[in-house]
Amino acid sequence: MSKTLTFFALMRVHPNWLRLSRPERRRFEDDTLKPIYARYPEVRMRWFDAEAFTTRCSDVAMFETESVQAFYYLVDALRDSPLMTEPYFEFVDIIPAVENGFRDYDAQLAQ
């Protein structure tokens, strides 16, 4: 089975974030978020906008890693940061997944 785990974090934006100017948002990313991400280089992350398509969440963060511990620590660091304490965002749900896990299952059945 793939050792890479993927976590989809459904997030909801808070009006505090929307009140920031775009340059303030970029500064926050550079000054606060990038240093947190740098502490956990074994976790790869991508952001997706969802607000035009659903009311459940405004954004989806996709984390990929082979280290559950690094993912856990990264999420704790984000929770401790102004991203969540200001708050600018809140986690709605975190969905763990294994890409194409059924293929590995099928392969082991054939053995």
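Our subject is the structure listed above.
Okay, so let's go over this structure. Everything quoted here is computed from the prediction, not taken from an experiment.

With respect to the overall build of the chain
Here's step 1: Counting its secondary structure elements, the chain contains five helices and four strands.
Here's step 2: Taken from the N to the C terminus, the helices and strands of the chain come in the order β-α-α-β-β-α-α-β-α.
Here's step 3: Each of the three principal axes of the chain carries a C-alpha extent, and together these read 55 × 30 × 20 Å.
Here's step 4: Every one of the 111 residues in the chain was classed for burial, and the buried ones make up 34%.
Here's step 5: Pairs at least 24 residues apart make up 68% of the contacts formed inside the chain by residues separated by at least 6 positions.
Here's step 6: Accessible area of the chain: about 7300 Å², with a carbon and sulfur share of 53%.
Here's step 7: Treating the 14 positive side-chain charges of the chain as one cloud and the 18 negative ones as another, the clouds have centres 3 Å apart.

A few points about the packing of helix α2 (residues 22-39) against helix α3 (residues 68-80)
Here's step 1: At a minimum axis separation of 10 Å, α2 and α3 run at an interaxial angle of 160°. Our classification of the angle between α2 and α3 gives roughly antiparallel. As α2 packs across α3, the resulting crossing turns out to be right-handed. Between α2, through L33, I36, Y37 and R39, and α3, the contact on the second element is made entirely by L74, A77 and L78.

Some points on the side chain of T6
Here's step 1: Checked against the element boundaries, T6 lands in strand β1 (residues 5-13).
Here's step 2: In this view, T6 contacts M62, F63, E64, I95, P96 and A97; residues no more than four positions away in its chain are not counted.

As for the packing of aromatic side chains
Here's step 1: For the structure shown, the criterion picks out eight aromatic pairs.
Here's step 2: Ring centres 5.4 Å apart and planes at 70° place the aromatic pair W17 and Y88 in the edge-to-face group. With a gap of 71 residues between them, W17 in helix α1 (residues 15-19) and Y88 in the loop between α4 (82-85) and β4 (89-97) connect regions that are remote in the sequence.
Here's step 3: Exposure remark for W17: the relative accessible area of 10% places this residue in the buried category.
Here's step 4: Using a relative accessible area of 11% as the deciding quantity, one classes Y88 as buried.
Here's step 5: Here the aromatic rings of W17 and F89 are separated by 5.5 Å at their centres, their planes lie at 55°, and the arrangement is tilted. Placement of the pair is W17 in helix α1 and F89 in strand β4, with a sequence separation of 72 residues. Neither W17 nor F89 differs from the other in exposure class; each is buried.
Here's step 6: Ring-pair connections join several aromatic residues into one group, and the members of that group are W17, F28, W47, Y88 and F89.

As for the environment of R79
Here's step 1: Relative to the elements of secondary structure, R79 occurs in helix α3.
Here's step 2: Residues R79 and E99, 20 residues apart in the sequence, show an inter-C-alpha distance of 26 Å.
Here's step 3: Setting aside its immediate chain neighbours within four residues, R79 contacts M84, T85, F91 and I94.

Rules behind the numbers
Residues numbered from 1 in each chain as written. Predicted model: local features only at pLDDT ≥ 70, side-chain atom pairs only at ≥ 80, totals over all residues. Heavy atoms only, no water. Helix = DSSP H or I, 4+ residues; strand = E, 2+ residues; numbered from the N terminus. Buried < 20%, exposed > 50% of the residue type's maximum accessible area, 1.4 Å probe, protein only. Contact = heavy atoms within 4.5 Å. Areas by Shrake-Rupley, 256 points an atom, 1.4 Å probe, with all protein chains shown as cover. Lys, Arg positive; Asp, Glu negative; His and termini not counted. Charge placed at Lys NZ, Arg CZ, Asp CG, Glu CD. Axes fitted to C-alpha atoms, helices over the stretch in contact; angles between N-to-C directions. Parallel < 35°, antiparallel > 145°, perpendicular 65-115°, else oblique. Left-handed = near helix turned anticlockwise from the far one by under 90°. Phe/Tyr/Trp six-rings, centres within 6.5 Å; stacked < 30°, edge-to-face > 60°.

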